[in-house]
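Here's the letter readout for the chains.
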Number of protein chains: 2
Amino acid sequence: MSAPTVLGRDPSRLYVRYAIAGDVDAVAEAIRVEQTIEFPADLAPDWIQQEVVGQVEDRDEGSVVISYAAGVYAGGLGQVLNVLWGNVSLFEGVRVVDVQLPAPEHLGLRGPRFGVSGMRSLLGVASRPLLATALKPMGSSSEELAATAGVLAEAGIDLIKDDHSLGDQPWSPWRERVARCAEAVLDANEMAGTSARYLPSLNVPADEVLQRADEAKELGAEGLLVLPGITGFDAMRALADDDDLALPIMSHPSMLGSHVVNPGQGLDHGILLGLINRLAGADMVVFPNYGGRFGFSVEQCAQIRDECAVARPGVRSALPTPGGGMTLERVPEILDLFGQDVVLLIGGALHRGDLRTNATALRESL
Amino acid sequence: MSAPTVLGRDPSRLYVRYAIAGDVDAVAEAIRVEQTIEFPADLAPDWIQQEVVGQVEDRDEGSVVISYAAGVYAGGLGQVLNVLWGNVSLFEGVRVVDVQLPAPEHLGLRGPRFGVSGMRSLLGVASRPLLATALKPMGSSSEELAATAGVLAEAGIDLIKDDHSLGDQPWSPWRERVARCAEAVLDANEMAGTSARYLPSLNVPADEVLQRADEAKELGAEGLLVLPGITGFDAMRALADDDDLALPIMSHPSMLGSHVVNPGQGLDHGILLGLINRLAGADMVVFPNYGGRFGFSVEQCAQIRDECAVARPGVRSALPTPGGGMTLERVPEILDLFGQDVVLLIGGALHRGDLRTNATALRESL
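Residues numbered from 1 in each chain as written. Chains lettered and ligands numbered in written order. Predicted model: local features only at pLDDT ≥ 70, side-chain atom pairs only at ≥ 80, totals over all residues. Heavy atoms only, no water.

## Quick word on the side chain of A:His269
Residue and element names in this part refer to chain A.
So, step 1. Mapped onto the elements, His-269 comes out in helix H12 (residues 269-279).
So, step 2. Among the polar contacts made by the side chain of His-269, one reaches the side chain of Arg-95 at a distance of 3.4 Å.
So, step 3. Leaving out residues up to four positions away in the same chain, His-269 has contacts with Arg-95, Val-260, Gly-274, Phe-296, Gln-300, Gln-303 and Ile-304. (Helix = DSSP H or I, 4+ residues; strand = E, 2+ residues; numbered from the N terminus. Polar contact = N/O pair within 3.5 Å; in protein donor to acceptor, adjacent residues only side chain to side chain. Contact = heavy atoms within 4.5 Å.)

Now the structure itself:
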């Protein structure tokens, strides 16, 4: 991927192509008002109709490009998302299929702190695919999860994350788990000369996300698993922007599915899981690979891959992290689709047979 | 509405009915594992299979009831949402159509601070429908919006909110707007003997939501408009739970549409916009009424109405706030559907002709 599609020429504007089922002109007219002034256009002053209401830039039989002025999307990522998909999300038969970002000085978003090359240098891995796995199953004690984490770190897995659902369940309370798993990974690294990182799940109350991230770092965690579908994309952005925290971020797609899986409605897989995750600071983007437990197609996965990688001035690239039922046998096929700049997320399959043997075999296969 | 449907008998468990297109048994098996251990069930210890994995309680030709143990959904609203709809959101052809909550002592959520009767007593309105409107259009200066707010307060509109998209645009920066509009409403109340409340939009950075809410209160705002589809339901819950803040909350559906508008996938309108908004502390629930700018049906609106009102021990009821293109002429029809416990949200239509005349006529028609 070299550069994104050109939708318009004004670097201060945000351009969005919406695919529309139905009367394209009528829906386009509705969208450009709905996403800006939400007011009878004929009652608005002329200058507001011209400078604030979205402008139709292009239309074809099934889609329209609408552009939005810098003043409209000003105020941060939340308002960018609101302009892209706020009230229009309530329309049937409309889907965001392409986005052209404004120039970085207008957009004002920093994106991933590390990106692909940053993650490689943090982990000391020059060119091979990165390896990730999840601590499971829920119900295990913190001691059991920590023991598993230690084995995986010694075996050479780069990134060891909590299963995203692990929050503050009684079997493994959050602080206890984070402390034990972080310690186990750091100890294993020292013993085995590895450099694994532990990423706890920030499946925690919204008003504690930033404080728990700091706490996780103090306890020895060296990355974070964030759930933007639950805690919001802008909470992830705030974590990524925190210069004192400065931890790599893996984004999990929990609750994001309904935005992408309905044909003709929502946002394209690449837009939501690739582009928006990047804008929100994800260094790594978890999504269900084709042929696993979920129904994403090869094309949809390739779209996420491309949106993670496509050059966007001022916004680092992210690492696609396909998971959701992957196995050791499928590694070559995954690398065929994603190339070397990928995080291979293999979870439950490592536990079929001996965990250490499987994890070691995975690491040595690369 | 007297009581919700009975899905099961254990007060500690969360029961969810999922409508399933396709092989009900196979998808049910997938869901009960996906929403809990995300791990090959046969590899999990017996006790985890029995006590942690979701249990199939009932099935018919097109749906299944799965129940989840208290330990699984423990940790707050974020994890409750994750259990209801986290990874399953990535499945096609699955929809949450009914939910039975655990008993309040297990659920641990306080819900709306004021609810229907609390809002009535705050506003001093015993039995008539409440009236709300939005400050528009984007592009107006803070001075213009404040002048509009004053007119609406004097005319007897109860709740005057920012248009949800108003964030920190250059035409009306957030602090300036909140200060001016709050002052205008308080002054108008004093002049006219009314008791209108101004609700600024918390369309602000995620890491500033709580602080901006405090600031809004200091500046004289007497309620908050919150965007859970952007800042997250649990951020709204945190605002509602804040005993020092103690302001009424109106929930706006921006970005929530893709969870409800796709037939056969997502969550039922009543579940997301009624039940989940209530669990997250919304005193008032904005949604697009049928026959306006959006495609919600009468039945979907009635479902939201019922879920706002249905008796749920420990969780106050909420006020349905139908909007999205309502007019003065439609008031009798809206009251036929929703009854008197409703907030009539009429925005742009008040501006066609003279604002003060229209707002006064609306108030006097009740």
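## A word on the environment of B:Leu267
All names here are of chain B.
So, step 1. Here Leu-267 lies in strand E10 (residues 266-267).
So, step 2. Look at Leu-267 and you get buried, because its relative accessible area is 0%.
So, step 3. Each C-alpha atom, one on Leu-267 and one on Ile-31, is 15 Å from the other, the two residues being 236 residues apart in sequence.
So, step 4. In contact with Leu-267, not counting residues within four places along its chain, are Trp-85, Arg-95, Val-96, His-259, Val-260, Leu-272 and Ile-276. (Buried < 20%, exposed > 50% of the residue type's maximum accessible area, 1.4 Å probe, protein only.)

## Focus: the relation of the copies chain A and chain B
So, step 1. Of the transformation placing chain A onto chain B, the axial shift is 0.0 Å and the rotation is 180°, giving an RMSD of 0.0 Å. Put plainly, the chains are arranged around a two-fold axis. Identified as the residue of chain A closest to the rotation axis by C-alpha distance is A:Gly232, at 2.6 Å.
So, step 2. Same-surface contact between copies: 100% of interface residues of chain A are shared with the interface of chain B. (Least-squares fit on C-alpha atoms with pLDDT ≥ 70 in both.)

## With respect to the domain arrangement of chain A
Residue and element names in this part refer to chain A.
So, step 1. On domain assignment, one finds that chain A holds domain 1 (14-107) and domain 2 (115-364).
So, step 2. Taken over C-alpha atoms, the centre of domain 1 sits 33 Å from the centre of domain 2.
So, step 3. On the side of domain 2, 20 residues touch domain 1, which itself brings 18 residues to the contact.
So, step 4. Close ionic contact of Asp-268 with Arg-95 constitutes a salt bridge, the shortest N to O distance being 2.6 Å.
So, step 5. Where domain 1 touches domain 2, the interface holds 12 residue pairs in polar contact (both at pLDDT 80 or more).
So, step 6. Those elements that place two or more of their residues in the side of domain 1 that touches domain 2 are helix H4 (77-85), strand E4 (94-100) and helix H5 (104-107).
So, step 7. At 6 residues, E4 tops the list of elements feeding residues into the side of domain 1 that touches domain 2.
So, step 8. Grouping the amino acids of the side of domain 1 that touches domain 2 by side-chain chemistry returns 12 nonpolar, 3 polar and 3 charged. (Domains from an automatic or database assignment. Salt bridge = Lys/Arg side-chain N within 4 Å of Asp/Glu carboxyl O. Nonpolar A, V, L, I, M, F, W, Y, C, P; charged D, E, K, R; others polar.)

## Some thoughts on the sheet that holds strand E11 (residues 284-288) of chain B
All names here are of chain B.
So, step 1. On the basis of which strands lie adjacent, the open sheet formed by 4 strands has the order E8-E9-E11-E12 and parallel pairing. Unpaired on one side and paired on the other, strand E8 (224-226) and strand E12 (319-323) mark the two borders of the sheet. With strand direction ignored, the average angle separating the axes of adjacent strands in the sheet is 25°.
So, step 2. Sheet topology note: the strand E9 (residues 249-251)/E11 ladder contains 2 bridges and is parallel. When the bridges of E11 are listed, Ser-251 appears paired with Val-285.
So, step 3. Each of E8 and E9 is contacted by helix H11 (residues 233-241), which is oriented at about 165° to E9, the strand it contacts most. (Pairing = 2+ DSSP bridges. Axes fitted to C-alpha atoms, helices over the stretch in contact; angles between N-to-C directions.)

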